[in-house]
Structure formats: C-alpha cells, structure tokens
Amino acid sequence: MNNPKRLVEGLKKIEEVDSNFYRLYLDKIYSINRTHPDFDQNIFRHINSAQNQEIRKRIIQEMGDFSLIRKELNILSRYYKLRYPKRIFPKINTCYSGFAGFNAWIYNDSNILVDLDMYLGSDFEAYPQFYPQFKYAYYTKDYLVQNVGRELVRREFVLFEKDKPNNMLAMMLIEAAKIYELSRLMPCREEYKLFEYSKEQWEWALKEEKNIWQYLIKEELLFESEYKKYRPLIGEAPSSIRSGVADGAPPRIAIFAGYQILKKYMEEKGEENSFNLLHKFSPEEILKKAKYKP
C-alpha cells in the first residue's frame, strides 16, 4: 500500500471489526503511538520498511493462497471440539510483525494471532540475525498449524504455569502432558515433529529410552527441586548437555521420558485427558500407576 491515508483507513476498518487485534498490532507489536500527530506517516514507514517488504514477499512465496493451511486448521478445529467440547475454536488472525518473536498467541477467548514472520523457511536469510539455528530450523509453514494447536493446549495448562512445579518429575509430566494433548489434536502428526526433533534425534531418544530413565534415577533428579540442576534436560537448547549424558542427546530428554510415562499410563489405565489426570493425581501417583519400566 503506497498511500499513508489509505493504509490508516484500512487499519480503522480492522479496528471496527476487532479492536483488540488493532490495539495489539499497533501498541504491542509495532509500538506505534496512535495519538502521535505523525501517526499516519510513522505506521506507513514501518509497514513499508525494506525488512517488512522482504518479509511480505517471502510470505507470498511460501504460503501461496493458504488453502492447504486452511484445510489443516479445519481438521485441527474438529479434533479440538471433540477433545474440548466446552471450548470454541478461536478465529485465526495473521500478521507479519518484523520479528516480534511469537509463533501463535491467544489474545482473548475467541482469537489467536499467528505471526507469519515465523514460518518463512529455515533458509530465510534474516533468521540468523535474530534467532539461534536450533530454533529457526523449525520456522517453516509445516509448523504453523502445530503451533496453533500448541497455543490452544497451553491455554488449558495456564493453571499449572501459575504455580511453579516443585520438582523435576512434576515439570516433566506437565510439559509432556502438553505434548500428549497436542498429539490428540493432531493424531496423524509424527511424534518427532511434535517434539520439534529431527528424525535422527527421535530415533536416538527411542533407542536410548532405557538409558535416559536410568540416568534420571541414578542422578536422583526426579525429585530435585532446584531448577538449575535439571534445566539442561528440560529447557530450550540445541541438545541436552549435562555431565553423564551421552553425546548426541536431543534437547528436553526429561520431557521425552515424561511423555513415555504418560503414554504408558494411558495404556495401563485407558485414554484420559492428561490435564484432568494431573488434577486427580500427584506426579508420584501417576508414575506409580503407569508402571513405567523401559
């Protein structure tokens, strides 16, 4: 758009339809002062900056007409309504932000904002300036619908995020439960993609499952309450690096173990919403009932 006034008129129409999105887009994402006398020119320059022009070109190149993504979102919505019948699948809004750094964001009960900046392909030349390689490796359109699902699941687990888990077992089961719920919303999705692993990393974890569990037991980490001691096994990183962990270990191997515990529980006790499961039983009780022995 090459006319500042027409751009602002277009934004005003958006405000009439969704005032929350309008304020979020300008105030939080672009940090544009809407009351400034030069607002028209400021927002015009920002949206039409060289960086944003390049992003817009890449979005068109990568996303096309969005038909495939719409189809996948429709499938996700059907599974979501089955899993959470009291919830309404939110409206999906998209934008490009100039690398604000979020994938998908529920900004009220009925709307999700998807930042298309984060799905331009792992070879997009601007990513290395802003993000580490282990993150932008998954900044592809293949992960857009998954991240919408992940955000929907995250909303269900907000209660658990308010109170910090008191040990690693609790943390690994909560984080694993989010992935498990995501797998129920996307039953045809490969598990390694749900974990944001490569195929090789997933195969490594499966092969080493017994050794991972034995390591957690040997190091007495399950009931460790000091986060920094187990953070290398649960946090975002290129790999799990901690004394005694074998070379080549993918990141978040403790969450991988938690996921296997939940799957074993479901096999033993029957399918159940994992959010409800965490409400009913303590992490220790879930572990005992799962009879997990890789």
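Values in this document were obtained by computation on a predicted structure and should not be read as measured data. Per chain, residues are indexed from 1 in the order of the written sequence. Only residues with pLDDT of 70 or above have their local features reported here, since the model is predicted, and side-chain atom pairs are shown and tallied only from 80 upward, although totals for entire chains, interfaces and linings are computed over all residues. Calculation of side-chain values draws on the structure's entire complement of heavy atoms; hydrogens and water are dropped beforehand.

A.B. asks: Could you give me a rundown of the overall build of the protein chain, with the residues and numbers involved?
C.D. replies: Starting at the N terminus, helices and strands are each numbered in turn, a helix being any DSSP run of H or I of at least four residues and a strand any DSSP run of E of at least two. Looking only at helices and strands, the protein chain features 16 helices and 3 strands. Taken along the three principal axes of its C-alpha coordinates, the protein chain extends 65 × 40 × 35 Å. Exposed residues in this analysis have more than 50% of their type's maximum accessible area, buried residues have under 20%, and partly exposed residues fall in between, with area computed by a 1.4 Å probe over protein chains only. Burial statistics for the protein chain: of 294 residues in total, 50% are counted as buried. For the protein chain, restricting intrachain contacts to residue pairs at least 6 apart in sequence, the fraction spanning at least 24 positions comes to 61%. Residue-level accessible areas treat just the shown protein chains as cover; the underlying method is Shrake-Rupley with a 1.4 Å probe. As displayed, the protein chain has an accessible area near 15500 Å², and 49% of this comes from carbon and sulfur atoms. Residue contacts are counted whenever heavy atoms from the two residues lie within 4.5 Å of one another.

A.B. asks: Give a description of the nonpolar core that names residues and reports values.
C.D. replies: The tendency in soluble globular proteins is for nonpolar side chains to be buried side by side. Residues belong to one nonpolar core when they are buried, are Ala, Val, Leu, Ile, Met, Phe, Trp, Tyr or Cys, and are joined through side-chain atoms within 4.5 Å. Grouped together as the largest cluster of nonpolar side chains are 99 residues, with contacts concentrated most on Ile 43, Met 172 and Leu 216. Broken down by element, this core gets its largest block of residues, 12 residues, from helix α9 (residues 168-185).

A.B. asks: Please set out unusual backbone geometry residue by residue, giving values where relevant.
C.D. replies: Phi is positive for Glu 220, close to 55 degrees, though the residue is something other than glycine. Secondary-structure assignment places Glu 220 in the loop between α12 (209-218) and α13 (227-230). Since its relative accessible area comes to 65%, Glu 220 is described here as exposed. Residue Lys 291 is not a glycine yet carries a positive backbone phi of 55 degrees. Its relative accessible area of 52% is what places Lys 291 among the exposed residues.

A.B. asks: Run through the pairing of strand β3 (residues 111-115), naming residues and quoting values.
C.D. replies: Burial runs high along β3: 5 of the 5 residues are buried. Where burial is concerned, the two faces of β3 agree: the one with Asn 111, Leu 113 and Asp 115 and the one with Ile 112 and Val 114 are both buried. Here the rule is simple: two strands pair whenever DSSP picks up at least two bridges between them. Judged from the 5 bridges that link them, strand β1 (residues 91-95) and β3 form a sheet pairing that is parallel. Within the sheet, the bridge partner assigned to Thr 94 lies in β3 and is Val 114. Pairing between strand β2 (residues 104-108) and β3: 4 bridges, direction antiparallel. Across the sheet, residue Trp 105 finds its bridge partner in β3, namely Leu 113. Adjacent in sequence and paired antiparallel, β2 and β3 are bridged by 2 residues.

A.B. asks: I'd love a proper account of the pattern of salt bridges, names of residues and values included.
C.D. replies: By definition here, a salt bridge exists when the distance from a side-chain nitrogen of Lys or Arg to a carboxyl oxygen of Asp or Glu is within 4 Å. With the rule as written, the count across this model stands at 18 salt bridges. With a shortest N-O distance of 3.6 Å, Arg 58 and Glu 62 are connected by a salt bridge. Note that Arg 58 and Glu 62 are positioned in helix α4 (residues 50-63) at a spacing of 4 residues, about one turn of the helix. Here the two residues Arg 58 and Glu 62 agree in accessibility, since each one is buried. Across the pair Glu 236 and Arg 252 runs a salt bridge, and its minimum N-O distance is 3.7 Å. Taken as a pair, Glu 236 in the loop between α13 and α14 (253-269) and Arg 252 in the loop between α13 and α14 lie far apart in primary sequence, 16 residues in all. The class for Glu 236 is exposed, based on a relative accessible area of 51%. A single network of salt bridges, built from pairs that share partners, joins Asp 142, Arg 189, Glu 190 and Lys 193.

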